[in-house]
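# Examination of the molecular architecture
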Amino acid sequence: IHRGERLAAVDMGTNSIRLLVAEVRQREEEPVELARDMVITRLGRGVDRTGRLDPASLARTLEVLGWYAWRAKALGVRRIKVGATSAVRDAAEREELFSGVRALTGAEPEVLTGEREAALSFLGATRGLDAPTPYLVLDIGGGSTEAVVGTGSAERAISVDVGSVRITERVAPVDPPHATEVEAMRAAAAAGLAPAFARIPAGSAATLVAVAGTATTVQAIALGLERYDPDAIHRTTLHRRTVEETARRLAAMTTAERAALPVMVPGREDVIVAGVQILLEAMERWGFERCLVSERDILDGLLLEMAALASAE
């Protein structure tokens, strides 16, 4: 690999689109991060109900992707990888999105299978992690949730169609939600996660690693941060009782009150209540009193995979 080659990875999720730019250097094992961005565009809005991508959300996603492509080019990136997850897997019509991705980035987008998504999340979340093994990585997304267990690499993985956006759209709670609606969200989480509990029984792992926006936002709130600070959150411990307290607090708020929290990324305030129910159900059923919260996930997995392939050339 050329010394200092710069790579970019984009994760097109159901709720957000994210960019990671890093430089691969010959004498350093880990790519050096140059830029990391996230914008909530809700690409998966209505996909659960209609099976189609919402035109306004698609336009917004491509608008942000165009900015990411410009930023990557300005940083000297020569290779860019675009991975698409649950919302795009579920959508019948993808060509407008795909042609937009090609035009903006020159890259052919990859629709990641749920199992591949899980393996990439595991790669990103556990790289350099020093904690008791096996690890169970839980990636709560907008449209799907991935669970993967392993020690050095992913050994068993499953992706289930339950996520913060999907549950919120199905329950359609009032603002703030009634207690019965929060119970309905928890029931939806339990039903959706059931195949994961069957595939990965309780006791399969020593350390639970929670990745993605639900877990990181809950931890940011629990820590009382005055602004969202990934370095203050990464690989910190989150206790189940804290998740329960935060879940109650968030459910008692209106969407506007949640949006006003200094750590709440715009666009997450209306789906975070459902997301926390998924996290709670997972921790309870797998028997974890605490989890490690990781800022590294599928996006990092995509870039690490790119770096390994580039090094092999």
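Description of the structure in this document. (Residues numbered from 1 in each chain as written. Predicted model: local features only at pLDDT ≥ 70, side-chain atom pairs only at ≥ 80, totals over all residues. Heavy atoms only, no water.)

## Observations regarding the overall build of the chain
- The secondary structure content of the chain amounts to 13 helices and 11 strands.
- For the chain, whose C-alpha radius of gyration is 18 Å, the value lies close to the compact-globule estimate of 20 Å for 313 residues.
- Dimensions of the chain, computed from the C-alpha atoms along their principal axes, are close to 55 × 45 × 40 Å.
- Per-residue burial for the chain yields a buried fraction of 55% across its 313 residues.
- Across the chain, contacts joining residues at least 24 apart in sequence account for 70% of those joining residues at least 6 apart.
- About 13,200 Å² of surface is accessible on the chain, with carbon and sulfur atoms providing 49% of the total.
- Charge-centre separation for the chain: the mean point of 37 positive side chains lies 2 Å from the mean point of 44 negative side chains. (Helix = DSSP H or I, 4+ residues; strand = E, 2+ residues; numbered from the N terminus. Rg over C-alpha atoms; globule rule 2.2 N^0.38 Å. Buried < 20%, exposed > 50% of the residue type's maximum accessible area, 1.4 Å probe, protein only. Contact = heavy atoms within 4.5 Å. Areas by Shrake-Rupley, 256 points an atom, 1.4 Å probe, with all protein chains shown as cover. Lys, Arg positive; Asp, Glu negative; His and termini not counted. Charge placed at Lys NZ, Arg CZ, Asp CG, Glu CD.)

## Here we look at helix α7 (residues 179–199)
- Taking 1.5 Å of rise per residue, 21 residues should cover 30 Å, and α7 covers 31 Å from first to last C-alpha, within 8% of that figure.
- At L193, α7 shows its maximal kink, close to 45 degrees; a proline, P195, follows between one and four residues later.
- Among the residues of α7, E181, V182, M185, R186, A189, G192, L193, A196 and F197 are the ones counted as buried.
- If you follow the buried residues of α7, they end up packed against β7 (145–150), β8 (154–160), α6 (164–171), α10 (240–252) and α12 (272–286). (Expected span 1.5 Å × (residues − 1). Bend = angle between axes of the 7 residues up to and from the residue.)

## Focus on the packing of helix α8 (residues 213–222) against α12
- As a packed pair, α8 and α12 sit with axes 9 Å apart at the nearest point and diverge in direction by 100 degrees. Here α12 runs roughly perpendicular to α8, going by the angle between their axes. Between α8 and α12, the contacting residues are T214, A215, T217 and V218 on the first element and I272, G275, V276 and L279 on the second.
- Each residue belonging to the contact of α8 with α12 can be placed in one class, and the counts come to 5 nonpolar, 3 polar and no charged. (Axes fitted to C-alpha atoms, helices over the stretch in contact; angles between N-to-C directions. Parallel < 35°, antiparallel > 145°, perpendicular 65-115°, else oblique. Nonpolar A, V, L, I, M, F, W, Y, C, P; charged D, E, K, R; others polar.)

## Some details on the sheet that holds strand β4 (residues 79–84)
- Taken together, 5 strands build an open sheet; the order of strands is β3-β2-β1-β4-β5 and the sheet is mixed. With one partner strand each, in any of the chains shown, β3 (32–40) and β5 (110–111) form the two edges of the open sheet.
- Relative to strand β2 (residues 16–24), strand β1 (residues 5–12) is paired through 8 bridges, and the arrangement is antiparallel. Pairing of E5 across the sheet is with V24, part of β2.
- Against the sheet, helix α13 (residues 298–312) touches β1, β2, β3 and β4, its axis set at about 145 degrees to β1. (Pairing = 2+ DSSP bridges.)

## Structural notes on the pattern of salt bridges
- Taken as a whole, this structure holds 29 salt bridges when the rule is applied.
- For R18, the salt bridge is made with D297, and the minimal N-O distance between the two is 3.0 Å. Residue R18 is located in strand β2, and its partner D297 is located in the loop between β11 (290–294) and α13; the two are separated by 279 residues in the primary sequence.
- Residues E23 and R25 are paired through a salt bridge, measuring 2.6 Å at the closest nitrogen-oxygen approach.
- On the accessibility criterion, E23 (9% relative accessible area) is buried.
- For R25, a relative accessible area of 27% translates into the label partly exposed. (Salt bridge = Lys/Arg side-chain N within 4 Å of Asp/Glu carboxyl O.)

## Quick look at the packing of aromatic side chains
- Scanning all chains against the criterion turns up 2 aromatic pairs.
- Both rings, one in W67 and one in Y68, keep their centres 5.7 Å apart while their planes meet at 45 degrees; by these two values the pair is tilted.
- Overall, the relative accessible area of 0% leaves Y68 in the buried class.
- Ring centres of F197 and W286 lie 4.9 Å apart, and the angle between their planes is 80 degrees; this geometry places the pair in the edge-to-face category. Of this pair, F197 sits in helix α7 while W286 sits in helix α12, and the two are 89 residues apart along the sequence. The same class applies to F197 as to W286, namely buried. (Phe/Tyr/Trp six-rings, centres within 6.5 Å; stacked < 30°, edge-to-face > 60°.)

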